[in-house]
Number of protein chains: 2
Amino acid sequence: MSNPNTIDRILDVAEALFAEKGFTETSLRTITSKAGVNLAAVNYHFGSKTQLVHAVFARTLTPFCDALEKRLIANVRDGDEAFSVEELFEMLVETAVEVHGGDTGRFSTFMQLLGLAYTQVQSHLRTFLGERYGSVFQRFVVHLKMAAPDLPPQELFWRIHFSLGAAVFTLSSYDTLKGIMNNDYNMNITLAGTVKRLVPFMSAGIRAEVPAKVD
Amino acid sequence: MSNPNTIDRILDVAEALFAEKGFTETSLRTITSKAGVNLAAVNYHFGSKTQLVHAVFARTLTPFCDALEKRLIANVRDGDEAFSVEELFEMLVETAVEVHGGDTGRFSTFMQLLGLAYTQVQSHLRTFLGERYGSVFQRFVVHLKMAAPDLPPQELFWRIHFSLGAAVFTLSSYDTLKGIMNNDYNMNITLAGTVKRLVPFMSAGIRAEVPAKVD
DNA sequence: GTTTGTTTTAAACATACGTTTAGGTCCAGT
DNA sequence: ACTGGACCTAAACGTATGTTTAAAACAAAC
């Protein structure tokens with residue numbers, strides 16, 4: 001680790017370890033020893049392990065959501081025509097890549113963390129993320145609604161979560177899948193390529209024919 | 001709990017708690033006290049917590065995979081025409097429901113566990129599942145390949161994982177989503193309805209136009 | 001009724017965890 | 001040079017975890 005700042009050193013290591021092993025499975029002792037700082041540093045600088053988790057998310061999620069919101073608002077203000085489904089999904093990708101300065105390693109880690117945020121049942125995390133970033137998400141949903149006006153709202157709701165699932169699930173286990181791809185198909189895969197494949201899949205799913213009433 | 005058998009009581013409670021909280025977050029003391037058995041019972045009957053986790057998965061995954069394999073083999077043996085993508089996905093659903101005797105509660109729990117199996121980074125679990133049930137999965141992939149013969153193999157590989165992600169992700173956080181749906185849309189959702197919505201989404205995604213070469 | 005093997009029990013063990021403490025170090029402001 | 005505040009450090013605290021032990025309870029076989 002090259003960063004001399006204790007706080008950033010902790011955040012860097014914690015981010016990587018959380019993404020790799022999960023929150024409960026990563027101890028403060030592992031984080032601090034790997035970061036080369038004292039055990040008590042986490043509690044001193046962040047207050048608790050819980051708040052460290054929040055800080056890790058906030059560090060990349062805040063600039064990401066800010067950038068995304070800016071893009072969405074700009075479009076409305078300038079009176080441009082509505083985005084297509086593809087454009088909206090690509091906007092997510094571009095914004096995420098942009099925020100990480102093209103560093104695909106950290107982008108991948110970020111996606112893994114997002115996956116954990118949903119799948120690890122840490123209620124404090126869901127609350128934190130909802131309160132902090134819920135409004136941007138809702139703004140995005142509004143744009144999706146305009147992109148697929150014929151889709152009943154509840155159908156759209158589900159398909160957004162299906163898409164989210166496909167993305168989060170795939171990218172959060174990206175390293176494993178990359179390995180399988182290498183062994184079984186003798187193919188070398190890139191994160192950018194995977195994401196490029198993801199967009200048409202999700203878009204087609206969003207646009208799929210609405211089945212007969214089921215509930 | 002009505003079951004007098006210690007082993008089954010443990011499995012029942014462990015299954016529910018693992019699905020609800022995750023593996024690391026669920027202690028043996030919580031499991032055994034809730035099951036009304038002695039703490040040492042887990043180590044006596046299963047050997048270790050790790051092996052208990054395996055046993056929980058094996059209990060429903062083994063009959064599920066056996067039933068699925070039977071269906072797939074029967075089709076080939078009888079020389080029936082190949083399954084469509086939709087039929088294959090629906091077969092998964094039907095088999096899963098069938099194995100749980102229509103008990104949607106346990107079906108839901110089962111899906112949550114599958115989600116955990118992928119997202120919780122317990123390497124022993126992935127190894128266990130791969131060795132034990134990998135062959136059935138590969139057989140299923142073969143059928144999917146026949147259902148979408150124009151799709152390049154690596155493209156199919158990714159789209160299967162996208163679909164898997166959509167399903168696992170959605171169904172593993174099903175209870176949460178159901179709650180949101182109830183609050184925000186004033187809609188009462190069923191597991192069967194969600195699954196019925198999932199199939200066309202995944203099928204459309206599998207069949208989506210192949211993008212230009214990206215890697 | 002005794003014996004044999006299985007199952008259950010309460011207690012202890014060793015370890016790992018998050019957190020707190022009290023004292024030290026360092027450096028800018030005066 | 002001194003002081004105040006921010007930062008760091010080593011050690012300890014209390015608690016929770018998975019696992020093991022040795023004895024007790026039980027049930028079936030003879």
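Residues numbered from 1 in each chain as written. Chains lettered and ligands numbered in written order. Predicted model: local features only at pLDDT ≥ 70, side-chain atom pairs only at ≥ 80, totals over all residues. Heavy atoms only, no water.

Draft legend 1. Broad picture of the relation of the copies chain B and chain A. Of the two same-sequence chains, chain B is brought onto chain A (RMSD 0.1 Å, axial shift 0.0 Å) by a rotation of 180°. Such a turn and shift between the copies fits a two-fold axis. Measuring from the rotation axis to each C-alpha of chain B, the shortest distance belongs to B:A166, at 2.2 Å. A shared binding surface is used by both copies, with 100% of the interface residues of chain B retained as interface residues in chain A. (Least-squares fit on C-alpha atoms with pLDDT ≥ 70 in both. Contact = heavy atoms within 4.5 Å.)

Draft legend 2. Inspection of the protein's contact with DNA strand D at higher detail. In the region of DNA strand D, 15 residues are neighbours, and A:T6, A:H45, B:L28, B:R29 and B:K49 sit closest. Among all atoms of DNA strand D positioned within 4 Å of the protein, those belonging to sugar or phosphate total 47%. Separating a phosphate oxygen of DNA strand D from a side-chain N or O atom of A:T6 is a distance of 2.3 Å. Put simply, the parts of the chain that give the surface near DNA strand D at least two residues each are α3 (41-46) of chain A together with α2 (28-35) of chain B. (Near = heavy atom within 4 Å. Polar contact = N/O pair within 3.5 Å; in protein donor to acceptor, adjacent residues only side chain to side chain. Helix = DSSP H or I, 4+ residues; strand = E, 2+ residues; numbered from the N terminus.)

Draft legend 3. Quick peek at the packing of aromatic side chains. All names here are of chain A. Here the structure, examined in full by the defined rule, presents 13 aromatic pairs over all chains. With centroids separated by 5.5 Å and ring planes inclined at 80°, the aromatic side chains of F157 and W158 adopt a geometry described as edge-to-face. Overall, F157 belongs to the buried group, its relative accessible area being 8%. Ring centres of W158 and F162 lie 6.3 Å apart, and the angle between their planes is 25°; on these two criteria the pair is classed as stacked. (Phe/Tyr/Trp six-rings, centres within 6.5 Å; stacked < 30°, edge-to-face > 60°. Buried < 20%, exposed > 50% of the residue type's maximum accessible area, 1.4 Å probe, protein only.)

Draft legend 4. Molecular detail of the packing of helix α1 (residues 6-21) of chain B against helix α6 (residues 104-119) of chain B. Residues and elements named next belong to chain B. The contact between α1 and α6 brings their axes to 9 Å, and the two run at 55°. Judged on the interaxial angle alone, α6 and α1 are oblique. As for the relative orientation of α1 and α6, their crossing is left-handed in sense. Residues E15, A16, F18 and A19 of α1 lie in contact with α6, whose contacting residues are R106, T109, Q112, L113 and L116. (Axes fitted to C-alpha atoms, helices over the stretch in contact; angles between N-to-C directions. Parallel < 35°, antiparallel > 145°, perpendicular 65-115°, else oblique. Left-handed = near helix turned anticlockwise from the far one by under 90°.)

Draft legend 5. Seen up close, a negative patch on the surface. A cluster of acidic residues, A:D80, A:E81, A:E87 and A:E90, forms a negative patch on the protein surface. Along the chain, A:E90 turns up in helix α5 (residues 85-99). (Patch = residues over 30% accessible without salt bridge, like charges linked within 9 Å, V, L, I, M, F, W, Y side chains within 5 Å. Areas by Shrake-Rupley, 256 points an atom, 1.4 Å probe, with all protein chains shown as cover. Salt bridge = Lys/Arg side-chain N within 4 Å of Asp/Glu carboxyl O. Lys, Arg positive; Asp, Glu negative; His and termini not counted. Charge placed at Lys NZ, Arg CZ, Asp CG, Glu CD.)

Draft legend 6. Structural view of the side chain of A:H54. Residues and elements named next belong to chain A. Mapping H54 onto the fold places it in helix α4 (residues 49-77). Owing to a relative accessible area of 15%, H54 belongs among the buried residues under this scheme. Separated by 2.9 Å, the side chains of H54 and H124 make a polar contact. Filtering out sequence-adjacent residues up to four positions away, H54 remains in contact with H124, L125 and F128.

Draft legend 7. Representation of the environment of A:L116 in the model. Here A:L116 lies in helix α6 (residues 104-119). A:L116 sits 63 residues away from A:V53 along the chain, and the two C-alpha atoms are 11 Å apart. With residues up to four places along the chain from it excluded, the contact list for A:L116 reads A:F18, A:A19, A:G22, A:F23 and B:T119.

Draft legend 8. Up close: the packing of helix α8 (residues 153-172) of chain A against helix α8 (residues 153-172) of chain B. Where α8(A) meets α8(B), the axes come as close as 7 Å, and the angle between the chain directions of the two elements is 120°. By the angle between their directions, the pair α8(A) and α8(B) is classed as oblique. In this structure, α8(A) meets α8(B) at a crossing whose hand is right-handed. Contacts between α8(A) and α8(B) involve A:W158, A:H161, A:F162, A:L164, A:G165, A:A166, A:V168, A:F169 and A:T170 on the former and, on the latter, B:W158, B:H161, B:F162, B:L164, B:G165, B:A166, B:V168, B:F169 and B:T170. Split by residue class, the contact of α8(A) with α8(B) holds twelve nonpolar, six polar and no charged. (Nonpolar A, V, L, I, M, F, W, Y, C, P; charged D, E, K, R; others polar.)

Draft legend 9. Molecular detail of the pattern of salt bridges. All names here are of chain A. Tallied over the full model, the rule gives 20 salt bridges over all chains. For the salt bridge of E20 with K21, the shortest nitrogen-to-oxygen distance reads 3.9 Å. By relative accessible area, E20 is classed as partly exposed at 45%. We classify K21 as partly exposed; its relative accessible area is 37%. The residue E155 makes a salt bridge to R159 at a minimum N-O spacing of 4.0 Å.

Draft legend 10. Quick peek at the interface of chain B and chain A. Contact with chain B, which involves 52 residues of that partner, is made by 52 residues of chain A. Interface area, chain B with chain A, both sides summed: about 4,700 Å², of which 71% is carbon and sulfur. The closest approach of N and O atoms between B:R197 and A:E155, which form a salt bridge, is 3.0 Å. If you look at where chain B meets chain A, you find four residue pairs in polar contact (both at pLDDT 80 or more). Elements with a contribution of two residues or more to the side of chain B that touches chain A: α1, α6, α8, α9 (174-185) and α10 (191-207) of chain B. The element contributing the most residues to the side of chain B that touches chain A is α8(B), with 15 residues. The class makeup of the residues in the side of chain B that touches chain A is 27 nonpolar, 15 polar and ten charged. (Buried area = accessible area lost by both parts, 1.4 Å probe.)

Draft legend 11. Examining the protein's contact with DNA strand C more closely. Close to DNA strand C lie 15 residues; A:L28, A:R29, A:K49, B:T6 and B:H45 are nearest. Of all DNA strand C atoms lying within 4 Å of any protein atom, the proportion belonging to sugar or phosphate reaches 45%. Measuring from a base nitrogen of DNA strand C, one finds a side-chain N or O atom of A:R29 at 2.7 Å. One of the side-chain N or O atoms of B:H45 is found 2.7 Å from a phosphate oxygen in DNA strand C. Only α2 (28-35) of chain A together with α3 (41-46) of chain B provide two or more residues apiece to the surface near DNA strand C. Residue classes in the surface near DNA strand C are distributed as five nonpolar, seven polar and three charged.

Functional significance is not addressed by these values, which are geometric in nature.
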